[in-house]
Amino acid sequence: NNEDGRPHIFSSDLEKWETIEIQKDFERNDMFLEEMRHFLSVARGIEKPACDYLDGKRSLELALAVHKSNKEKKFIKI
């Protein structure tokens, strides 16, 4: 959430939104810098990718399910 900088997750079990508290010293930009560092290390052959093909496939399936859920106005089980 850009408004308060904290992640909010909907719990279908509890049927309510939960707010995840973040560390006080958390700097949002640090995660982007770390992602760039990791990408460059992978490109240089120093590290292996943190996400593999299967992670990418699952992320795409999730994004498509979200799109379908929004379009059809119903829950999509994945």
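Keep in mind that what you see is a predicted model, and the values were worked out from it rather than measured.

Digging into the packing of aromatic side chains
For any two aromatic rings, the description comes down to two numbers: the centre-to-centre distance and the angle of the planes.
Then, number 1: Counted according to the given criterion, the structure contains one aromatic pair.
Then, number 2: Geometrically, the ring pair formed by phenylalanine 10 and tryptophan 17 is edge-to-face, given 5.4 Å between the ring centres and 65 degrees between the ring planes.
Then, number 3: Judged by relative accessible area, phenylalanine 10 falls into the partly exposed class, the value being 39%.
Then, number 4: Judged by relative accessible area, tryptophan 17 falls into the exposed class, the value being 58%.

Some words on helix α1 (residues 28–43)
Then, number 1: Taking 1.5 Å of rise per residue, the 16 residues of α1 would be expected to cover 22 Å, and the 24 Å separating its terminal C-alpha atoms lies within 8% of that figure.
Then, number 2: Once α1 finishes, glycine 45 follows within two positions and takes phi at roughly 80 degrees, a positive value.

Observations concerning helix α2 (residues 53–72)
Each α-helix winds once per 3.6 residues, and so residues spaced three or four apart point in a common direction.
Then, number 1: For α2, with 20 residues, the first-to-last C-alpha span of 28 Å sits near the 28 Å given by 1.5 Å per residue.
Then, number 2: Of the residues flanking the start of α2, the one acting as N-cap is aspartate 52, its side-chain oxygen 3.1 Å from the backbone nitrogen of leucine 54.
Then, number 3: Backbone geometry just after α2 places lysine 73 at a positive phi near 55 degrees.

Quick look at the pattern of salt bridges
Then, number 1: Evaluation of the coordinates by the stated rule reveals four salt bridges.
Then, number 2: With a shortest N-O distance of 2.7 Å, arginine 6 and glutamate 21 are connected by a salt bridge. Of this pair, arginine 6 sits in the segment before β1 (8–11) while glutamate 21 sits in the loop between β2 (16–19) and α1; the two residues are 15 residues apart in sequence, bridging distant segments of the chain.
Then, number 3: Judged by relative accessible area, which is 26%, arginine 6 ranks as partly exposed.
Then, number 4: Lysine 74 serves as the salt-bridge partner of glutamate 72, at 3.3 Å between the closest nitrogen and oxygen.

Considering the confidence of the model for the protein chain
Any region with low pLDDT has predicted coordinates that should not be read closely.
Then, number 1: In this model, the protein chain carries a mean pLDDT of 91, and residues with pLDDT of at least 70 account for 97%.
Then, number 2: When pLDDT is averaged over each helix and strand of the protein chain, the minimum, 89, is found for β1 and the maximum, 96, for α2.

Scoring rules and cut-offs
Residues numbered from 1 in each chain as written. Predicted model: local features only at pLDDT ≥ 70, side-chain atom pairs only at ≥ 80, totals over all residues. Heavy atoms only, no water. Phe/Tyr/Trp six-rings, centres within 6.5 Å; stacked < 30°, edge-to-face > 60°. Buried < 20%, exposed > 50% of the residue type's maximum accessible area, 1.4 Å probe, protein only. Helix = DSSP H or I, 4+ residues; strand = E, 2+ residues; numbered from the N terminus. Expected span 1.5 Å × (residues − 1). Polar contact = N/O pair within 3.5 Å; in protein donor to acceptor, adjacent residues only side chain to side chain. Salt bridge = Lys/Arg side-chain N within 4 Å of Asp/Glu carboxyl O. pLDDT = per-residue confidence, 0-100.

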